[in-house]
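So the chains spell out like this:
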Amino acid sequence: MKIAFIGLGNMGGGMAANLVKAGHEVNAFDLSEEALEAAKHNGCATFTDAAEAVQGVEGVVTMLPNGAIVKSVYEGSVIGKAPAGAVLLDCSTIDVATAKDVIATAEAAGYDMVDAPVSGGIAAANGGTLTFMVGGTEKAFGRAEDVLQAMGKAVIHAGDAGAGQTAKICNNMLLAISMIGTAEAMKMAEKLGLDPQKFYEISSQSSGYCWSLNAYTPLPGVGVESPADNDYKGGFATALMLKDLRLAMDAAQDVDATTVLGAKAAEIYEKLAEEHGALDFSSVIKTL
Ligand code: NAD
């Protein structure tokens, strides 16, 4: 299939390369020359204009920083420029309202479109092992599925337009809360004189069991190997967790959802990001 890929940064670069590996023909566009150079190296055809990159394609994939950029790229360079009948896939993490809005505009112009944000970081993007949570009609999902399979290990239809973004921000709000809870419990156990490794052994097999403790233990040398063992480098950056928490708080406000712990987590990550935005989000334990 001929696909235009817009936004070849940390995530999009590897995703576009995996589409090429799966046999797709990829037209690449990014504002960064460096990103385009890397895409060329990975077998993509490169373009200096998005509207040109989408000429004659059957699908368009975007992996962009935020909702405002996604909206301007689709409204300015994709909708009405890509052939009628092309399937559109936005894999960026953006606010639910903009995702629904852009999909409605695309549908009104006759396109099938999904929001398909990902779980998994740069390593998963490069390795083709992302999880996609997808919002859109059955028909749009059916058309997008094969393209997403080439970049991931799991593709899940979450529901209607915007459901992918909803799943993503609710999951990451839960993750932030559980990481802070895990960190508080581990530090408190330590202060009370309990060996943190013993706490891990007990709690990871008790009702404290959770992904943050069992699969991503935030203390160095305790539990499983994680970014904590690498000075909190790599992993999921605090700044990206903060971005997702802000999206979650905006969405909560829109629908009047009660998110007492989500709001507290956003406040804690806001503070952490001021000093250590690039460190893994489990570094929150260092503030306790
Ligand atoms: P990035 O900043 O590395 O890449 C974004 C790319 O978009 C850049 O290359 C930039 O030049 C390009 N771009 C910006 N405006 C553009 C425009 N108008 N037209 C064309 N290209 C444009 O960001 P990233 O880490 O690759 O993240 C991309 C998306 O994936 C974000 O929405 C992010 O929240 C989400 N995400 C990231 C991770 C991660 O670990 N990095 C994990 C999950 C989801």
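Procedures and definitions
- Residues numbered from 1 in each chain as written.
- Predicted model: local features only at pLDDT ≥ 70, side-chain atom pairs only at ≥ 80, totals over all residues.
- Heavy atoms only, no water.
- Near = heavy atom within 4 Å.
- Polar contact = N/O pair within 3.5 Å; in protein donor to acceptor, adjacent residues only side chain to side chain.
- Areas by Shrake-Rupley, 256 points an atom, 1.4 Å probe, with all protein chains shown as cover.
- Helix = DSSP H or I, 4+ residues; strand = E, 2+ residues; numbered from the N terminus.
- Nonpolar A, V, L, I, M, F, W, Y, C, P; charged D, E, K, R; others polar.
- Salt bridge = Lys/Arg side-chain N within 4 Å of Asp/Glu carboxyl O.
- Buried < 20%, exposed > 50% of the residue type's maximum accessible area, 1.4 Å probe, protein only.
- Core = buried A, V, L, I, M, F, W, Y, C linked by side-chain atoms within 4.5 Å.
- Contact = heavy atoms within 4.5 Å.

Visitor: Hey, could you run me through the site of the ligand in this one?
Guide: Asn10, Met11, Asp30, Leu64 and Lys243 are the nearest of the 23 residues found near the ligand. One of the backbone N or O atoms of asparagine 10 is found 2.9 Å from an oxygen atom in the ligand. Interatomic distance of 3.0 Å between a backbone N/O atom of threonine 93 and an oxygen atom of the ligand. Protein chains bury 82% of the 830 Å² of accessible surface belonging to the ligand in isolation. Within the residue set of the shell around the ligand, elements represented by two or more residues are α4 (67-78) and α11 (238-255). In the shell around the ligand, the residues fall into twelve nonpolar, eight polar and three charged.

Visitor: Is there a simple way to think about the pattern of salt bridges in this case?
Guide: Two side chains carrying opposite charge are able to pair once their charged atoms lie near each other. On inspection of all chains with the given rule, the structure shows eleven salt bridges. For glutamate 25, the salt bridge goes to lysine 2, with nearest N and O atoms at 4.0 Å. Of this pair, glutamate 25 sits in strand β2 (residues 25-29) while lysine 2 is found in strand β1 (residues 2-6), placing the two residues 23 residues apart along the sequence. Since its relative accessible area comes to 25%, lysine 2 is described here as partly exposed. For arginine 246, the salt bridge goes to glutamate 270, with nearest N and O atoms at 2.3 Å.

Visitor: Even after reading the chapter, I still don't get the nonpolar core, so can you show me in this structure?
Guide: One broad rule of soluble globular proteins: the nonpolar side chains tend to lie buried together. Met186, Met241, Leu245, Tyr269, Phe281 and Val284 are the most contacted members of the largest nonpolar core, which totals 36 residues. Contributing elements (two or more residues each) for this core: α8 (163-191), α9 (196-203), α11 and α12 (260-276). Apart from residues lying up to four places away in sequence, leucine 245 is in contact with Asn172, Met173, Ala176, Ala265, Ala266 and Tyr269. The next biggest cluster of nonpolar side chains, apart from the first, holds 34 residues, and it includes Ile3, Ala35, Cys44 and Ala125.

Visitor: Where do I start with helix α1 (residues 12-21) in this structure?
Guide: Along an α-helix, residues three or four positions apart point the same way, because every turn accommodates 3.6 residues. Taking burial as the measure, the ten residues of α1 include eight buried ones, the bulk of the element. The elements touched by buried residues of α1 are β1, β2, β4 (59-62), α6 (122-127), β8 (130-135) and α7 (138-149). Positive backbone phi, approximately 100°, marks glycine 23, located one or two places after α1.

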